[in-house]
Amino acid sequence: MKQPVPPAKSTPAGSAASTSDPGPQRYLLRAALPTDLDALERMAAASATGITTLPADRVALAARLARSTQAFASGDDSSGEEIYLFVLEDLATTEAQGRPRIVGTSGIAASAGFADRFYSYRNEMVVHASPALAASNRVHTLHLCHDLTGHTLLTSFYIDPAHEHTLAPQLLSRARLLFIQTFADRFSDRIAAESPGLSDDSGRCPFWDAIGRRFFDMDYPTIERLTGGRSKGFIAELMPHSPIYVPLLPEEAQWAIGQLHPVSELPFSILLDEGFDAETYVDIFDGGPTVEARLAMLKTVTRARRVRLRVRLREEAAAAAGTAGTALSTPWLLVAGTQRGAFRAVLRQGAPAGGEIVLDADTARLLQAEAGAEVCVAALDVFQAPGDDVGADGDGDGDGDGDGDGDESGSIRGTPGSEGTAP
Amino acid sequence: MTTTQPFVRPATAADLGAIQALLQRAVTLPDAAATPHERLLVVVRSAADDGDGDGDGDDDSDNGSRVGRDIDNDSDSDSANDSANDTSAARQTVLATLRLRPVIGLDRPHVSYHVGCTVHAAAELGLFHRQRTLLLGHDHTGASELADIAWLQQGAPLAEQAAALRLGVRAALLAVAMQRRAYAATLVAELPGPRDSAGQSPFWHGLGRRFYAGDPQAAAQQHGPAWRSLVAALLPRQPVYASFLPSAAATAIGQVAPAAALLADVLEDAGLRYSHHVNVEDGGPLLEAMLDDLPGVATARRWTLAADAPPPGAPAMLLGTTGATRALRAAAQAMPGPHGKLRVALATRQRLGGLLPGDTVWAADCALPSGAQGSPA
């Protein structure tokens, strides 16, 4: 199935560095606002593939934004129904209105299934043996299960193709884990994420054709329409509840089990690098992999530290600018604020020391954090080399060949549907 | 050469060659010590030479008229030659064979698929799908079984084939009635499923082969009937939706091989019905019945033979000697009462092994199905 992501390393990719290009510092992840509706609609329309939590429907998107806004702001205890949407601003690019352009989005559903069950197929292997016939077979079976019900889901990942070879996807995906860790009482300690499975441009899906279609005689888009946006559990109830013997499926469907739609390779690779298990569960409709992990075991979470923010004085900043060797050995950090209602995260190079991290005043302002405030930092496996634009991540394209073509992710497009469906 | 009425008797070693030819595989005689109530029966017909001078009392004119007639016919003037001729298996033709097992599944698992049904319905979506399921199990463990059924087909008119099969099945049921406690509450019989001209089963191809890549026929030859319980360990133990099978395999579920249609008719005529189970090898159906509900068992009782013959027009009954050493169909008249007696012809008594008035005989109703030829004389 999925290959493990190679160890992280510094890899040049994307456009050549320029002194005017702020590099990864140009990105700001923040809680989505109702005013982001146009941007979300644009991104939802940019993808027609996969099971989307960003429906190409303005009304539905507005409703999701409203739910998200309420979830970020709510002073109530979590009910599990909450969804949280984030957007990624490119501070180096402004829209006509003078606002930074939104180039990505991601989300969190607090509790998979919420009031309903969350269905998955669990991969299991059973060994059938007949010593007298000198035969022993490992038989792959799919078991309809609710194992992931109540897990927190990572959802709605989308990055504009122009930014997918940068560090932006890292910020967009991993900062959510800092958010979950910071507000752990609102989430499960187990995290899951769905990824779209194989299907063609017409929506034909070999896994669905081999299983679901035998029970519905409809293609999946039709079924989704018929359910009128209700929980998928409604459909799952009509699916076979006994284990499915994979050897009985057509070969094309067997191959599709656990296979990714190409559009989701980038976010999926980040999740694998985090340490998610991708071998156990698949989506019941398209057979795409559903990853799962304990929050505490994830790379970003294990590296996360709470530190005090010290704002660098102007003189210190000037001195730092003259220290050419710093960037060679200093890792890039995810730096996130700790306010739920105004959650923000950025990428900065630095090395926390003595329980504090030194950031410039602009960064402090972006994080809406004052000097002395607590921030959360976690190191990425990325070090910037002189003359390189940071675009490789060791877990995204990560080809490491230095040709700057982004290789495996060169044709990757982000997908609003990756990482899950509506809870 | 003339032929006589068929009758049923236990197989002997001398019959094994003929039985194996019919079954196209090796067979063994029941082990009387291990399974005293297992019966391997043969339906045979004696061949008698005209004018052979053997003093067997052939009624040539009667025998001659019987050629080409329905073998279920019987008459008072029936030849008594059988009692002499049938002592020599070499002079008898094995028309059919079948094995009556008092119990199955206790020495080795008797596996089959239960063919179930599950409905997936959602009124709001206008969906209503009925799905067939197969569930591997041992549901017939402890049942009695009619097995190893084969019959002579080449050169035999269909009516004669049917009559031979019917006689064999009814004789087996009479044997059950004679030793009722030795048999189970239910009786099962398996019918072969469809195969292609190369002997390959589409059912196996679509299901079993996905779990056992070996050649089932070779395995069956190597391991005998036990091979099914051996291969069952490799087959799916959870329900399998038939809709996941290739259409040819799904279609074959519960279907009878065309060559076995006659046997299916005979067994159903005897009262057995599809049990919603199929065999794991070719998907052929298992028929089942409550033994006590079968006319062949329910109407069977023991009689004392009267000295006089039945009147003309007496119905045919299935008659069998105690110990199930001989069974045949012949005209008989029952005279119920506390000491009920049965009138049969002298020739019939001779064919039953030279029984005398006052001897015990078992008899059961043996009406022919509508449309079948023949009536007792």
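Predicted model only: the values in this text are computed from it and were never measured.

Regarding its fold elements, chain A presents 13 helices and 15 strands. Burial status across chain A gives 54% buried among its 423 residues.

What follows concerns the overall build of chain B. In terms of regular secondary structure, chain B is built from 11 helices and 16 strands. Buried positions account for 53% of the 377 residues belonging to chain B. Counting every atom, chain B has about 15,500 Å² of accessible surface; 52% of that belongs to carbon and sulfur.

As a further point, take the interface of chain A and chain B. Contacts between the two partners involve 30 residues from chain A and, on the opposite side, 29 residues from chain B. When chain A packs against chain B, the two sides together hide about 2,600 Å² of surface, and 68% of this comes from carbon and sulfur. Among the residues chain A hides against chain B, the three largest losses belong to A:L133, A:F215 and A:L248. Together they make up 27% of the total. On the surface where chain A and chain B come into contact, there are zero salt bridges. Where chain A touches chain B, the interface holds nine residue pairs in polar contact (both at pLDDT 80 or more).

Here the focus is the nonpolar core. In this structure, A:Y121, A:I211 and B:L134 are the most contacted members of the largest nonpolar core, which totals 60 residues. Here the element with the most residues in this core is strand β5 (residues 135-145) of chain A; it accounts for four residues. Not counting residues up to four positions away in its chain, the partners in contact with B:L134 are B:Y113, B:H114, B:V115, B:F203, B:L207, B:Q238, B:P239, B:V240, B:L245, B:I253 and B:V278. Core analysis: the second largest hydrophobic core is formed by 51 residues, A:A293, A:A304, A:L347 and A:V382 among them.

This next bit is on the packing of helix α1 (residues 37-45) of chain A against helix α2 (residues 58-73) of chain A. Residues and elements named next belong to chain A. Contact geometry for α1 and α2: axes closest at 10 Å, N-to-C directions at 125°. Put simply, α1 runs oblique to α2. For the element pair α1 and α2, the recorded crossing hand is right-handed. Across the interface between the two elements, L37, D38, L40, E41 and A44 from α1 touch R58, L61, A62 and L65 from α2. Residue composition of the contact of α1 with α2, by class: six nonpolar, no polar and three charged.

Residues and elements named next belong to chain B. Tracing the backbone through its elements, the reader meets E38 in the loop between α1 (16-23) and β3 (39-48). Within the structure, E38 has its side chain in polar contact with the side chain of R99 (distance 2.8 Å). Here E38 is in contact with P30, R99, L100, R101 and P102, once residues within four sequence places are set aside.

Right, let's get into the confidence of the model for chain B. Residues and elements named next belong to chain B. Per-residue pLDDT for chain B has a mean of 86; in total, 85% of the residues score no lower than 70. Note on residues 49-86: pLDDT under 50 across the span, and 88 contacts to partners over four residues away in sequence or across chains. Every residue in residues 373-377 is under pLDDT 50, and counting partners more than four places away or in other chains gives 18 contacts. Confidence estimates for the predicted assembly give a pTM of 0.81 and an ipTM of 0.79.

Residue and element names in this part refer to chain B. Summed over all chains, the structure comprises 20 aromatic pairs over all chains. Pairing Y212 with W227 gives two aromatic rings, centres 6.4 Å apart and planes at 45°, and the pair type is tilted. One end of the pair, Y212, is in the loop between α5 (202-206) and α6 (216-223); the other, W227, is in helix α7 (residues 227-232), and 15 residues separate them in sequence. Taken as a pair, Y212 and W227 share a single burial class, namely buried.

Our focus in this paragraph is helix α9 (residues 261-270) of chain B. Residues and elements named next belong to chain B. Considered for burial, the residues of α9 that qualify are L262, L263, A264, V266, L267 and A270. Considering only its buried residues, α9 is in contact with β7 (144-151), α4 (158-178), β8 (186-190), β11 (285-290) and α10 (295-298). Downstream of α9 by one or two residues, G271 has phi in the positive range, about 115°.

So, about the environment of A:V311. Secondary-structure assignment places A:V311 in strand β11 (residues 305-311). In sequence terms A:V311 and A:G372 are 61 residues apart; their C-alpha atoms lie 8.2 Å from each other.

All names here are of chain A. One non-glycine residue with positive phi stands out, namely S156, at about 60°. Relative to the helices and strands, S156 resides in strand β6 (residues 152-159). Although it is not a glycine, Q368 adopts a positive phi angle of roughly 55°.

Turning our attention to the packing of α4(B) against α9(B). All names here are of chain B. Packing of α4 against α9 leaves a shortest axis separation of 10 Å and a crossing angle of 40°. Put simply, α4 runs oblique to α9. The two elements α4 and α9 meet at a crossing, and its hand is right-handed. Of α9, the residues touching α4 (which contributes L158, Q161, A162, L165, R166, V169, R170 and L173) are L262, L263, V266, L267, D269 and A270.

Residues and elements named next belong to chain B. Where strand β12 (residues 301-305) lies against strand β16 (residues 360-365), four bridges are found, and the strand directions are antiparallel. Bridge assignment links R301 to a residue of β16, and that residue is A363. Relative to β16, strand β13 (residues 316-321) runs antiparallel, the two being bridged by five bridges. Residue pairing across strands places L318 opposite A364, the latter belonging to β16.

Below, the discussion takes up the pattern of salt bridges. In the structure shown here, the tally under the stated rule is 36 salt bridges over all chains. Between A:R58 and A:D38 there is a salt bridge, with its nearest N and O atoms 2.9 Å apart. Taken together, the positions of A:R58 in helix α2 and A:D38 in helix α1 put the pair 20 residues apart, joining distant regions of the chain. We classify A:R58 as partly exposed; its relative accessible area is 36%. Note that B:E38 is salt-bridged to B:R99, the shortest N-O span being 2.8 Å. With a gap of 61 residues between them, B:E38 in the loop between α1 and β3 and B:R99 in strand β4 (residues 92-101) connect regions that are remote in the sequence. With relative accessibility at 4%, the residue B:R99 sits in the buried group.

Next up on the list: the side chain of A:H143. Residue and element names in this part refer to chain A. Counting through the fold element by element, H143 comes out in strand β5. Side-chain polar atoms of H143 contact the side chain of E124, separated by 3.3 Å. When near neighbours in sequence (up to four residues on either side) are disregarded, H143 contacts S120, Y121, R122, E124 and P243.

This part takes up empty space enclosed by the protein. All names here are of chain B. Considering all chains together, one arrives at six cavities of 30 Å³ or more under this definition. Taken as a whole, the largest cavity spans an internal volume of roughly 70 Å³. Lining the largest cavity we find V8, R9, L41, A171, L174, A175, M178, G320, T321, A324, R326 and A327. Secondary structure elements with two or more residues in the lining of the largest cavity: β2 (7-10), α4 and β13. Counting residues per element, the lining of the largest cavity draws most heavily on α4, which supplies four residues. In the lining of the largest cavity, the residues fall into eight nonpolar, two polar and two charged.

Turning next to the environment of A:A39. Secondary-structure assignment places A:A39 in helix α1. Separated by 15 residues in sequence, A:A39 and A:L54 have C-alpha atoms that sit 11 Å apart.

Next up on the list: helix α9 (residues 265-274) of chain A. All names here are of chain A. Within α9, nine of the 10 residues are buried, which leaves it mostly tucked inside the rest of the structure. Regarding α9, the residues found buried are L266, P267, F268, S269, I270, L271, L272, D273 and E274. G275 sits one or two positions beyond α9 and adopts a positive phi of about 115°.

Rules of the game
Residues numbered from 1 in each chain as written. Chains lettered and ligands numbered in written order. Predicted model: local features only at pLDDT ≥ 70, side-chain atom pairs only at ≥ 80, totals over all residues. Heavy atoms only, no water. Helix = DSSP H or I, 4+ residues; strand = E, 2+ residues; numbered from the N terminus. Buried < 20%, exposed > 50% of the residue type's maximum accessible area, 1.4 Å probe, protein only. Areas by Shrake-Rupley, 256 points an atom, 1.4 Å probe, with all protein chains shown as cover. Contact = heavy atoms within 4.5 Å. Buried area = accessible area lost by both parts, 1.4 Å probe. Salt bridge = Lys/Arg side-chain N within 4 Å of Asp/Glu carboxyl O. Polar contact = N/O pair within 3.5 Å; in protein donor to acceptor, adjacent residues only side chain to side chain. Core = buried A, V, L, I, M, F, W, Y, C linked by side-chain atoms within 4.5 Å. Axes fitted to C-alpha atoms, helices over the stretch in contact; angles between N-to-C directions. Parallel < 35°, antiparallel > 145°, perpendicular 65-115°, else oblique. Left-handed = near helix turned anticlockwise from the far one by under 90°. Nonpolar A, V, L, I, M, F, W, Y, C, P; charged D, E, K, R; others polar. pLDDT = per-residue confidence, 0-100. Phe/Tyr/Trp six-rings, centres within 6.5 Å; stacked < 30°, edge-to-face > 60°. Pairing = 2+ DSSP bridges. 1 Å grid on protein atoms, 1.4 Å probe; cavity = no way out; pocket = protein on both sides within 12 Å on 5 of 7 lines; lining within 4 Å. Points joined across faces, edges and corners; volume = space filled by probe spheres on them.

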